[in-house]
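# Topology and contacts: notes
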Amino acid sequence: MPSNASKLQTKEQHEKNKQAEGEKAPKKQRRRLFPIWLRLLVVPIILVIFLILGLLFGYGVLGDGNALDILKRDTWTHISDLINAK
């Protein structure tokens with residue numbers, strides 16, 4: 001009695017046979033779990049959040065200042081004056 005393995009074709013052999021006969025395998029449509037339009041909204045928001053967290057950490061922990069001072073306009077005016085001073 002012949003084995004079942006000899007009767008069954010592998011998927012690759014089946015695809016080759018279809019291509020040889022001129023048939024095209026139907027393309028499987030892919031559904032994205034995270035749509036592109038949502039990525040375009042979420043990625044910039046995440047980048048801004050991490051920028052603010054980095055500023056808070058850098059000014060508060062590394063700079064020995066009050067972390068919430070980085071959100072004040074006076075702090076940014078002072079930083080701008082330091083950079084642009086001649």
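The structure under discussion appears in the preceding block.
Right, let's walk through the structure included here. Remember, it's a predicted structure, so these values are computed and weren't measured experimentally. (Residues numbered from 1 in each chain as written. Predicted model: local features only at pLDDT ≥ 70, side-chain atom pairs only at ≥ 80, totals over all residues. Heavy atoms only, no water.)

To continue, consider the overall build of the protein chain. Of regular secondary structure, the protein chain possesses four helices and zero strands. Each of the 86 residues in the protein chain was classed as buried or not, and the buried ones make up 6%. Carbon and sulfur atoms make up 62% of the accessible area of the protein chain, which totals about 8600 Å². (Helix = DSSP H or I, 4+ residues; strand = E, 2+ residues; numbered from the N terminus. Buried < 20%, exposed > 50% of the residue type's maximum accessible area, 1.4 Å probe, protein only. Areas by Shrake-Rupley, 256 points an atom, 1.4 Å probe, with all protein chains shown as cover.)

On to unusual backbone geometry. Its identity is not glycine, yet Asp64 carries a phi of approximately 55°, on the positive side. For Asp64, the location among the structural elements is in the loop between α3 (36–62) and α4 (73–84).

The next point concerns the pattern of salt bridges. Applying the stated criterion across every chain, the model contains one salt bridge. For the salt bridge of Asp69 with Lys72, the shortest nitrogen-to-oxygen distance reads 3.2 Å. Take Lys72: its relative accessible area is 46%, and that puts it in the partly exposed class. (Salt bridge = Lys/Arg side-chain N within 4 Å of Asp/Glu carboxyl O.)

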